[in-house]
Each structure stands twice: as structure tokens, then as C-alpha cells.
Amino acid sequence: MKTYQLHAATGSSDILIGESFEKLQEYTAGKRIVMLTDDQIYALHGEAFPDVPVIRIPRGEQAKSLGRAALLYQELIRLGANRSDMLVAVGGGVICDLGGFVATTFQRGMDLSFVPTTLLAQVDAAIGGKNGINLGEYKNMVGTFRQPSFVMIDPAFLKTLPEDEFVSGLAEIVKYGLISDPGILTLIEGKTPREISGDQDLLAELIGRSVRVKVAVVSQDEEDRGLRRILNFGHTYGHGIERLYELPHGKAVAYGMVVAVDISIQLGLAEDRLGKRIFTLLKNLGLLPHIKPDRDKVMELISHDKKKKGEEIPFVLLKDAGKTVIRPLSPDEIMDLLENIKLFTI
Ligand SMILES: NC(=O)c1ccc[n+]([C@@H]2O[C@H](COP(=O)([O-])OP(=O)(O)OC[C@H]3O[C@@H](n4cnc5c(N)ncnc54)[C@H](O)[C@@H]3O)[C@@H](O)[C@H]2O)c1
């Protein structure tokens, strides 16, 4: 087991990598706990839950709503919970986001911990203290910053994770390799998702290195005002096509990362060989969807997303694996660059 500590203005977290869920109550400091999870996770792992109240909700992104949050506040009141109790959210990014938001706002903040159960939540959503819910079509429009007391990462949960969810999480791991730790790329290159999921040591190494990158970035910029933006690498474009073509998040981000590398090459920041390397790596992982995005529609969504119609959009680009640079690009510049994307044709 390896522990990382994340210290930030809204609190400190112990991130326990490779700890068993069975030991949960060794970490809850004698507090009264209420667990939050979804039906799917409870059906698969319910017997491993301790004998405490468990709030179960239907799975899916639609749970990240004010309506669902209101139901949870009522349930917490019914259970007699108060601010000295701890909410332990056990699930993917949806449960972590919703649980984080509810715990941070219930009675102005009860104690909070995460047990992330998807690869994406283990390397991303559960780390960093950002908790968002959606408002209608606006994703993560309402939310809080608050570090959980601890994040318990038990890779045993991943054994029941469907392969496409696992692959989606791999896209974020590749992202950490590209923005900060190229050693991650070397570890993944030439391997299939199945080889990665079947190799417990490799998986633990990849999760640990990814968490280390996220912790380092968030510790310096918790509230997303500067450095933390590099975590958006591939996401500006990725979010656009995710919505437009209803793609899984990982595939959309992977496609967005290739676009960002291509733009980096077009602007003379990075060399051609970086593009070929990244394209091959993501293609081998099955992360590149066969789509021909509509440039105008994607651009419209990107501008809308950034609430900056007509203004420059900060794009996270690469000079090399592990070396980022943020460039503000005007919509016209982006349109020209998108017209000349070549990497998908190599
Ligand atoms: N707050 C952040 O910093 C942050 C960062 C990245 C993503 N997110 C959010 O995370 C969400 C996506 O998270 P996700 O990809 O984990 O999706 P998810 O939470 O919807 O989980 C995906 C599916 O996997 C199931 N599942 C979870 N664990 C399982 C397991 N161990 N075995 C079998 N099935 C399991 C769930 O029931 C669900 O149906 C999005 O809402 C996104 O906005 C937040």
C-alpha cells in the first residue's frame, strides 16, 4: 500500500493506493458513517460493505442533479446524520461528484471520504476535491471545492468493471503521461487493455503514477486558476465531440488529445514523431473512434462551453511528452487548424 498526501486550502486528503475496502473502518476515525453508492455497485459488491446505513441510488449521469441532491439531504435527515458524521461515497465519478457535493453542503459540510470503483474515478474524479453536479444540459455547472478526508483506492473493484469503462479510464492515464510523466507512456506502449487489467503490478504502478501527477498539480492550484488547466489537455475538444456524437468520455478525450497534439505540431511546438507515437498508442488501446467531426458544430460547442463566443480559448498543447504549454487561440485560428488535422490519416 502506498499513501500520497494532498494538502490544499479546503483540506488535506490521504490517498491510499492499494488498500482493501475491508479495512474501511480503520480509517473513519470512529465517526458514524453513512455510505452512498449506486445499485450496480451494490449488487456486485454489497456484501463487502460494513454494517452501516447505505443509501443506494440508480446508476447513471442523471444522478448528478439538484433533484437527486435534495433527495439525499432528506435521506440524511431521516437517518439522523449531522455534520460530525462522515459520508463515504463508493462508486464511479458520478457517485464521487454527487456525494462530494452533498456532503460539502449538508449542514454546511459533513465529513467526506471516497472509495472510487472505476478506473476513471481512481485516477481522476476522486482526486482533487472538485465536486460538480449538472444543471439541465450544463455539465458540472454547480459545485464545490473540498478535499475528502481520505480516498481509498482498492483495485479489486476493477475486476467487475466492464472493459469499455476500463478503457475509458486508460485515456486519463495516457493524459497524465502526456502532460507530466512520459514514463507512463512507456509502460503502456504495445500493451492491450486486457494485458494491462490482468497485470496487477502494472495497474498499481499506473494508478500510483497518475495519482501522483494529479496530486502535484492540485496541490499547487486547487481552484483551477492556472496550472490545474493542464489537466484539461484533450478535454476542450473532447467535451465538444462527447456531446455531439454521444461518445464515451475516454474516447472523446483520446480523440481530443490527438487533435491537441496535431495542433501543437502545426504550430511548430512539437515534432511529427510525437504525433505518430500518440496516435499509435491510443489506436492500439481501442480509444480512437471512427468519426469525422463536423468542424462548425464542434467549434460552436467549444465556444459555448467556454462561455466566450468570439474570444480566445486557452488550449493546452504539448512541446513534447511531459511538457505542456497553454496557448490562447482565437476561434478563427482554431477553425483553420482543425481544417488541417492530419494525424487521423497516417
Ligand atoms: N470531479 C472531478 O474532478 C471529475 C473528474 C473526472 C470525471 N468526473 C465525472 O465523473 C463522471 C464519470 O465517471 P465514471 O466514468 O466513473 O462513470 P460512472 O460513475 O457513471 O460509472 C460508470 C458505470 O460503471 C458502474 N460501475 C462503477 N464501478 C463499478 C465496478 N467496480 N464494477 C462494475 N460496474 C461499476 C456504475 O454503476 C456506472 O454504471 C462524470 O460525471 C464526470 O463529470 C469528475
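Residues numbered from 1 in each chain as written. Predicted model: local features only at pLDDT ≥ 70, side-chain atom pairs only at ≥ 80, totals over all residues. Heavy atoms only, no water.

Domain annotation for the protein reports domain 1 (2–161) and domain 2 (164–345). Tallying the contact residues gives 25 residues for domain 1 and 26 residues for domain 2. Each partner contributes to the roughly 2,300 Å² buried at the junction of domain 1 and domain 2, and carbon and sulfur atoms together form 68% of this total. Looking only at domain 1, the three residues that lose the most surface to domain 2 are Y4, L119 and V123, adding up to 25% of its buried area. Joining domain 1 to domain 2, the criterion identifies two salt bridges. A salt bridge links D224 to K130, with the shortest nitrogen-to-oxygen separation between them at 2.8 Å. Across the contact surface, domain 1 and domain 2 share eight residue pairs in polar contact (both at pLDDT 80 or more). (Domains from an automatic or database assignment. Contact = heavy atoms within 4.5 Å. Buried area = accessible area lost by both parts, 1.4 Å probe. Salt bridge = Lys/Arg side-chain N within 4 Å of Asp/Glu carboxyl O. Polar contact = N/O pair within 3.5 Å; in protein donor to acceptor, adjacent residues only side chain to side chain.)

This brings us to the nonpolar core. Core analysis: the largest hydrophobic core is formed by 100 residues, its most contacted members being I15, L119 and L282. Ranked by residue count, the leading element in this core is helix 10 (residues 249–266), at 11 residues. Other than its neighbours up to four places away in sequence, L282 contacts V174, A254, M257, V258, L287 and L288. By size, the runner-up hydrophobic cluster in this structure holds 15 residues, among which are F21, L24, V115 and F150. (Core = buried A, V, L, I, M, F, W, Y, C linked by side-chain atoms within 4.5 Å. Buried < 20%, exposed > 50% of the residue type's maximum accessible area, 1.4 Å probe, protein only. Helix = DSSP H or I, 4+ residues; strand = E, 2+ residues; numbered from the N terminus.)

Contact geometry of helix 5 (residues 163–179) with helix 8 (residues 200–220) gives a least axis separation of 10 Å together with a crossing angle of 55°. By the angle between their directions, the pair helix 5 and helix 8 is classed as oblique. Where helix 5 crosses over helix 8, the two elements pack in a sense that is left-handed. For the pair formed by helix 5 and helix 8, the contact residues are F166, I173, Y176 and I179 on the first element and L203, L206, S210, V213 and K214 on the second. Its residues assigned to classes, the contact of helix 5 with helix 8 shows seven nonpolar, one polar and one charged. (Axes fitted to C-alpha atoms, helices over the stretch in contact; angles between N-to-C directions. Parallel < 35°, antiparallel > 145°, perpendicular 65-115°, else oblique. Left-handed = near helix turned anticlockwise from the far one by under 90°. Nonpolar A, V, L, I, M, F, W, Y, C, P; charged D, E, K, R; others polar.)

Now for the side chain of T118. Here T118 is to be found in the loop between strand 6 (111–116) and helix 4 (119–125). In this structure T118 comes out as buried when scored by relative accessible area, which is 16%. What T118 contacts, discounting residues up to four positions off in sequence, is G91, G92, G93, L158 and L161.

With that settled, the discussion passes to the packing of helix 9 (residues 235–245) against helix 10. Geometry of a packed helix pair, given as the angle between the helix axes and the separation of the axes. Where helix 9 meets helix 10, the closest approach of the two axes is 7 Å, and the angle between their N-to-C directions is 135°. By the angle class used here, helix 9 and helix 10 are oblique. The crossing of helix 9 and helix 10 is right-handed. Together, H235, Y237, G238, H239, I241 and E242 of helix 9 and H249, A252, V253, Y255, G256 and V259 of helix 10 make up the contact between the two elements.

With that settled, consider the pairing of strand 7 (residues 130–135). The pairing of strand 7 with strand 8 (residues 138–145) spans five bridges and is classified as antiparallel. Along strand 8, the bridge assignment pairs K130 with F145. (Pairing = 2+ DSSP bridges.)

To continue, consider the site of the ligand. Within the structure, the ligand sits among 26 residues, and D38, E61, T117, T118 and T160 are positioned closest to it. Contact distances for the ligand include 2.6 Å between an oxygen atom and a side-chain N or O atom of T118. For the ligand, the protein covers 88% of the area, taking 870 Å² as the surface of the free molecule. Mapped by element, the contributors of at least two residues to the shell around the ligand are helix 1 (39–45), helix 3 (93–105), helix 4 and strand 8. Among the elements that take part in the shell around the ligand, helix 1 stands out by supplying four residues, more than any other. Considering only residue class, the shell around the ligand consists of eight nonpolar, eight polar and 10 charged. (Near = heavy atom within 4 Å. Areas by Shrake-Rupley, 256 points an atom, 1.4 Å probe, with all protein chains shown as cover.)

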